[in-house]
Number of protein chains: 2
Amino acid sequence: MNKKSFLGSSPYKGTRDFYPLTSIINSSNSISYKHHQNYFFETIRSCLILNGFCEYSSSLIEEKGAFTIKSGEELASNQLYYFTDKGDREIALRPELTLSIARMVADKFDNLRLPLRWFSIDNCFRYERPQKGRLREFWQVEVDIIGAKAGAVDFEIIRLILEIFQAFKAKPNMYKIMYNHRLVLDKWLSNNGWIEELEIKNLIYKVLDDWFKLENAEKEQKLLTKLDQKSVDKIFKTVDNNQSLEFKEYQEIANQYEEMILLQKLIPKLYPDANVIFTPAIIRGQAYYTGLIFEAFDNNPTNSRSLFGGGRFDDLLDLYGKSSPAVGFAPGDVSVHEFLAGWELYPKQPSEIQVVGIMPNSKEELENVFTTIIPDLQLQNKAFEIDYDYDRNPNKRYENLKKRGCTEILKS
Amino acid sequence: MNKKSFLGSSPYKGTRDFYPLTSIINSSNSISYKHHQNYFFETIRSCLILNGFCEYSSSLIEEKGAFTIKSGEELASNQLYYFTDKGDREIALRPELTLSIARMVADKFDNLRLPLRWFSIDNCFRYERPQKGRLREFWQVEVDIIGAKAGAVDFEIIRLILEIFQAFKAKPNMYKIMYNHRLVLDKWLSNNGWIEELEIKNLIYKVLDDWFKLENAEKEQKLLTKLDQKSVDKIFKTVDNNQSLEFKEYQEIANQYEEMILLQKLIPKLYPDANVIFTPAIIRGQAYYTGLIFEAFDNNPTNSRSLFGGGRFDDLLDLYGKSSPAVGFAPGDVSVHEFLAGWELYPKQPSEIQVVGIMPNSKEELENVFTTIIPDLQLQNKAFEIDYDYDRNPNKRYENLKKRGCTEILKS
């Protein structure tokens, strides 16, 4: 094996090194900065805690079998990092955090005070071709309310997402939230006679899921393979015009559900400028949702994309033989980073702590530096950085400390 | 394969789930708590930042080859979690953080402002038999000063360790720090004619490394296999009695080094009660140190153990074809947890944020809860938790919110 290729110093493909900004001479967009990552973690953590959520955490390694059962052998095999440990256990690096919270809640089920408002900020791995918004190692913030059936907790979740955007100082024009409800959708399909035949149901699900990606002609063509023109027209009017009688029909079904009433009534009062849109065209694929579903989008024209989604999944714990209602979502750091960077929402300064530069003229001054100057700075909650290049030109030393982020320089 | 054993809900062997304290009905020492882990992370992070260190981070996955070259094929194979990815790369979950910082610094070497005072808090994996103080997944805090030769940075590192203990509110009787210097040791060996013969040198290193574990008779017996009685007596007097003439000889060699002078002079002034001991009996195994070496110990009689160690390793970047002096250490969360738990140094409250419980009497009150009560609480920086069990006995609801950690309850 080639020794040189072994000791290349790049990070493993699809992973990032995070550097401190003040250590970098020429900063660039291709460098990942630790203070960006920390800003994401800390902002979302404070916001979640302020809204009554508690932090938990789980290990990166889970048994492979659980992912296979949850997501199917093929998906699991393609995307999973998995291997056999020295004790012959088949293990995997988690590709998401939802399975782990289900496992953790099931494991201590009888010793937990339900409902749980829980969150976790942890890293995950997926074997993917690295591209914009997708990497092999990423962080996810898993946020769930587990153990409450009340529609008010679905409302709490959408409200929380708006609070998170506000915590990041995002303006309402920068993002939108679209939501729907699986039971409303299925009742509507059923009222129209589109649910008995699984092929028809799946077709409508599929077209709705791709609604904003497909041209109208394409959607129409697809729907016409199984439905008559009148039905297709009705679907178009329901989805595309929320002033139509057809949408009102959809809305009336929604009015059976507490969460939908609360969302319609309170979101416009609390967040009058936010774009929060009820639409049948949010589906969240074939996943296991059982009620409210939603998705948040970046409105940036250069980077218009889904940021994250979620919903109610009352079957969450089934895999572990327990039963409990649940609603949640899981934003990832890579797409949120694109959002924050794109709208220039990162703070300019890496730290709120002031760093004072100290320039002793010789070793003899060190006693004074360590026994007087530094204890004094620490009492003022100021950090310090010492330059030991006694023989260098003092102006150069001064400039060097400035460039290293010191906001004040003490010459002794 | 047995489906049931697949979906056991315990965490993978040697890893931990971290639970929020307020969610647990019957708390116990066998449960890991997230607020303990966060207290460790946040306390050490603030302390490091206040002392001029910048945070960086690297990926969990590194190429396997680098660890093999650094630590030898055997050690790497036994302890490493490694596997081949779908692109035929041999990769490993890092068993430590030092290799990654060397790689990161080498990768951007010409774009970094040296010296670097850097730290990282990240998880690592080692395939070990889980036991007290050792797990398969653990967190390490890697702390290094890279790019400075001055002995004053070695002093900065020991001072920093004492600051960290103070940040954890540890009293001086709870821990001790012992230090030595590889160049001082080698000069002393050389002065006594014990260095030319590699077998003699290695024997003395080995016995010194185990000095506090072995009985005197054992040490003597081992040393006598290669040394005469006079030499053995000299070693004992040097190590065991720091008032002896023999130790003075050792001390005089140390006085050639700036870091040793600063430590002797300033530590007693700054930390008069701390136990910081200069002794030839700190060796740090066969590792790659090139100057100061040190180790911090827990003094707890029920759990007397080494907490972490470190030193100067000026060859840090050699593996990646760069050259730069470096000094550092890396405490792990598992042994520090034993220290904090053993001395009862964890804070009793999981959070500094006050959580207010809200008990609406019916759905009709929710509008007031969300549009008036909660915005009001948020302005006061108070978190909230809502109980939706309208039909339940109010006293039970009140008690339930109290048990969930609410310090104040609002009945609407």
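Residues numbered from 1 in each chain as written. Chains lettered and ligands numbered in written order. Predicted model: local features only at pLDDT ≥ 70, side-chain atom pairs only at ≥ 80, totals over all residues. Heavy atoms only, no water.

Undergrad: Could you give an account of empty space enclosed by the protein, with specific residues and numbers?
TA: Residue and element names in this part refer to chain B. As enumerated under the stated definition, the model contains five cavities of 30 Å³ or more in all. Looking at the largest cavity, its volume works out to about 90 Å³. If you trace the largest cavity, you find it lined by Ile 44, Ile 161, Ile 164, Phe 165, Phe 168, Leu 307, Phe 308, Phe 329, Pro 331, Val 336, Phe 339 and Leu 340. Secondary structure elements with two or more residues in the lining of the largest cavity: helix H6 (151-167), strand S12 (305-312) and helix H13 (333-342). Looking at the lining of the largest cavity residue by residue, the classes come out as 12 nonpolar, no polar and no charged. (1 Å grid on protein atoms, 1.4 Å probe; cavity = no way out; pocket = protein on both sides within 12 Å on 5 of 7 lines; lining within 4 Å. Points joined across faces, edges and corners; volume = space filled by probe spheres on them. Helix = DSSP H or I, 4+ residues; strand = E, 2+ residues; numbered from the N terminus. Nonpolar A, V, L, I, M, F, W, Y, C, P; charged D, E, K, R; others polar.)

Undergrad: Kindly report on the relation of the copies chain B and chain A, identifying the contributing residues and their values.
TA: In summary, the two copies of the chain are related to each other by a rotation about an axis coupled with a shift along it. Rotating chain B by 180° and translating it 0.0 Å along the rotation axis places it on chain A, where the RMSD comes to 0.1 Å. On the angle and the small slide along the axis, the relation comes out as a two-fold axis. The rotation axis passes nearest to the C-alpha of B:Phe83 in chain B, at a distance of 3.3 Å. Most of the interface of chain B is mirrored in chain A: 100% of its interface residues are interface residues there too. (Least-squares fit on C-alpha atoms with pLDDT ≥ 70 in both. Contact = heavy atoms within 4.5 Å.)

Undergrad: Describe the interface of chain B and chain A, listing the residues and the values that go with them.
TA: Tallying the contact residues gives 111 residues for chain B and 111 residues for chain A. Of the roughly 9400 Å² buried between chain B and chain A, counting both surfaces, carbon and sulfur atoms make up 58%. Among the residues chain B hides against chain A, the three largest losses belong to B:Leu50, B:Lys86 and B:Arg113. Together they make up 8% of the total. Our enumeration of links across chain B and chain A arrives at 12 salt bridges. As a salt-bridge pair, B:Glu385 and A:Arg117 come within 3.3 Å of each other at their nearest N and O atoms. If you look at where chain B meets chain A, you find 48 residue pairs in polar contact (both at pLDDT 80 or more). Per-class residue counts for the side of chain B that touches chain A are 53 nonpolar, 25 polar and 33 charged. (Buried area = accessible area lost by both parts, 1.4 Å probe. Salt bridge = Lys/Arg side-chain N within 4 Å of Asp/Glu carboxyl O. Polar contact = N/O pair within 3.5 Å; in protein donor to acceptor, adjacent residues only side chain to side chain.)

Undergrad: For the packing of helix H7 (residues 182-191) of chain A against helix H8 (residues 198-209) of chain A, give the residues involved together with the corresponding values.
TA: All names here are of chain A. H8 packs onto H7 with a crossing angle of 130° between their chain directions and a minimal axis gap of 12 Å. Of the possible angle classes, the one that applies to H7 and H8 is oblique. For the pair H7 and H8, the sense of crossing is right-handed. Contact with H7, carried on its side by Arg 182, Leu 185, Asp 186 and Leu 189, involves Lys 201, Ile 204, Tyr 205 and Leu 208 of H8 and no other residues of that element. Taken together, the residues that form the contact of H7 with H8 break down as five nonpolar, no polar and three charged. (Axes fitted to C-alpha atoms, helices over the stretch in contact; angles between N-to-C directions. Parallel < 35°, antiparallel > 145°, perpendicular 65-115°, else oblique. Left-handed = near helix turned anticlockwise from the far one by under 90°.)

Undergrad: Run through the environment of A:Leu270, naming residues and quoting values.
TA: Relative to the assigned elements, A:Leu270 resides in helix H12 (residues 258-270). Once the C-alpha coordinates of A:Leu270 and A:Pro394 are considered, the two residues, 124 residues apart in sequence, prove to be 57 Å apart. Setting aside its immediate chain neighbours within four residues, A:Leu270 contacts A:Phe155, B:Phe370, B:Thr371 and B:Pro375.

Undergrad: Let's hear about the pattern of salt bridges: which residues, and what values?
TA: Scanning all chains against the criterion turns up 49 salt bridges over all chains. When the shortest N-O distance is used, the salt bridge between A:Glu295 and A:Arg284 registers 3.6 Å. On the criterion of sequence distance, the pair formed by A:Glu295 in strand S11 (residues 292-298) and A:Arg284 in the loop between strand S10 (276-278) and S11 is long-range, its members being 11 residues apart. Look at A:Arg284 and you get partly exposed, because its relative accessible area is 22%. It is possible to trace a salt-bridge network through shared partners that takes in A:Arg117, A:Glu156, B:Glu385 and B:Arg404. (Buried < 20%, exposed > 50% of the residue type's maximum accessible area, 1.4 Å probe, protein only.)

Undergrad: Please provide a residue-by-residue account of helix H6 (residues 151-167) of chain A, values included.
TA: Compared with the 24 Å implied by 1.5 Å per residue over 17 residues, the 24 Å span of H6(A) between its first and last C-alpha is a close match. Of the residues flanking the end of H6(A), it is A:Lys169, one or two places downstream, whose phi is positive at about 60°. (Expected span 1.5 Å × (residues − 1).)

Undergrad: Can you break down the side chain of A:Lys34 residue by residue, with the values?
TA: When you line up the elements, A:Lys34 lands in helix H2 (residues 34-50). When neighbours within four sequence positions are excluded, A:Lys34 is seen to be in contact with A:Phe18, A:Tyr19, B:Glu55, B:Tyr56 and B:Ser57.

Undergrad: Which residues make up the packing of aromatic side chains, and what values do they have?
TA: The final tally for this structure, using the stated rule, is 55 aromatic pairs over all chains. With a centroid separation of 5.9 Å and 75° between ring planes, the pair formed by A:Tyr81 and A:Phe125 is classed as edge-to-face. Residue A:Tyr81 is located in strand S5 (residues 81-84), and its partner A:Phe125 is located in strand S7 (residues 116-125); the two are separated by 44 residues in the primary sequence. Given a relative accessible area of 0%, A:Phe125 falls into the buried group. Through a chain of ring-to-ring contacts, the aromatic side chains of A:Tyr81, A:Phe83, A:Phe125, A:Tyr127, B:Tyr81, B:Phe83, B:Phe125 and B:Tyr127 assemble into a single cluster. If you follow A:Lys219 out to its NZ or CZ, it ends over the ring of A:Trp211, 4.0 Å from the centre. (Phe/Tyr/Trp six-rings, centres within 6.5 Å; stacked < 30°, edge-to-face > 60°. Lys NZ or Arg CZ within 6 Å of the ring centre and 35° of its normal.)

Undergrad: I'd love a proper account of the nonpolar core, names of residues and values included.
TA: A:Leu48, A:Phe165, A:Ile204, A:Leu223, A:Ile235, A:Phe329 and A:Phe339 are the most contacted members of the largest nonpolar core, which totals 87 residues. Excluding anything up to four places from it in sequence, A:Phe329 contacts A:Val141, A:Glu142, A:Val143, A:Asp144, A:Ile157, A:Leu160, A:Ile161, A:Ile164, A:Phe294, A:Phe308, A:Gly309 and A:Gly310. Core analysis: the second largest hydrophobic core is formed by 86 residues, A:Val369, B:Leu208, B:Ile283 and B:Val336 among them. (Core = buried A, V, L, I, M, F, W, Y, C linked by side-chain atoms within 4.5 Å.)

Undergrad: Hey, could you go over the environment of B:Asn393 for me, with residue numbers and the actual values?
TA: Residues and elements named next belong to chain B. Residue position: Asn 393 is located in the loop between strand S15 (383-386) and helix H15 (394-403). For Asn 393, a relative accessible area of 39% corresponds to the partly exposed category. Within the local environment of Asn 393, its side chain forms a polar contact with the backbone nitrogen of Asn 395, the two atoms lying 2.7 Å apart.

Undergrad: Talk me through the sheet that holds S5(A); I want residue IDs and the actual numbers.
TA: Residue and element names in this part refer to chain A. Pairing within the open sheet is antiparallel, and its three strands lie in the order S4-S6-S5. Each edge of the open sheet is held by one strand with a lone partner, namely strand S4 (61-63) and S5. Each strand of the sheet is rotated relative to its neighbour by a mean of 35°, with strand direction disregarded. Where S5 lies against strand S6 (residues 90-93), four bridges are found, and the strand directions are antiparallel. If you follow Thr 84 over to S6, its bridge partner there is Glu 90. Here helix H3 (residues 64-71) sits on the sheet in contact with S4, S5 and S6, set at roughly 65° to S4. (Pairing = 2+ DSSP bridges.)

Undergrad: So what's going on with helix H11 (residues 245-254) of chain A? Residues and values would help.
TA: Residue and element names in this part refer to chain A. Among the residues of H11, those classed as buried are Glu 246, Phe 247, Tyr 250, Gln 251, Ile 253 and Ala 254. With its buried residues spanning 155° around the axis, H11 presents them on a single face. In H11, the exposed residues that point more than 90 degrees away from the buried face are Leu 245 and Glu 252. (Arc of directions from axis to C-beta.)

Undergrad: Tell me about the confidence of the model for chain A, and name the residues and values.
TA: Residue and element names in this part refer to chain A. Model confidence for chain A is summarised by a mean pLDDT of 93, while 98% of its residues fall at 70 or above. pLDDT under 50 marks residues 1-6. Its contacts with residues more than four places away, or in other chains, come to eight contacts. Across the assembled chains, the prediction reports ipTM 0.93 with pTM 0.94. (pLDDT = per-residue confidence, 0-100.)

Undergrad: How would you summarise the side chain of A:Arg159 if you had to cite specific residues and measurements?
TA: Structurally, A:Arg159 can be placed in helix H6. With residues near it in sequence (within four places) discarded, A:Arg159 still touches A:Asn51, A:Tyr271, B:Phe370, B:Ile374, B:Gln378 and B:Phe384.

Undergrad: Would you mind going over the sheet that holds strand S12 (residues 305-312) of chain A in detail, with residue names and values included?
TA: Neighbouring strands of a sheet are bound in pairs by backbone hydrogen bonds; such pairs are parallel or else antiparallel. Residue and element names in this part refer to chain A. Read across the open sheet, the eight strands follow the order S3-S7-S8-S13-S12-S11-S9-S10; overall the sheet is mixed. Strands at the two margins of the open sheet, each flanked by one partner only, are strand S3 (54-55) and S10. Direction of pairing for strand S9 (residues 175-181) relative to S10: parallel, over a ladder of three bridges. From the neighbouring strand, Ile 177 faces S10, where its bridge partner is Val 276. Packed onto the sheet, H7 meets S9 and S11 and runs at close to 55° relative to S9.

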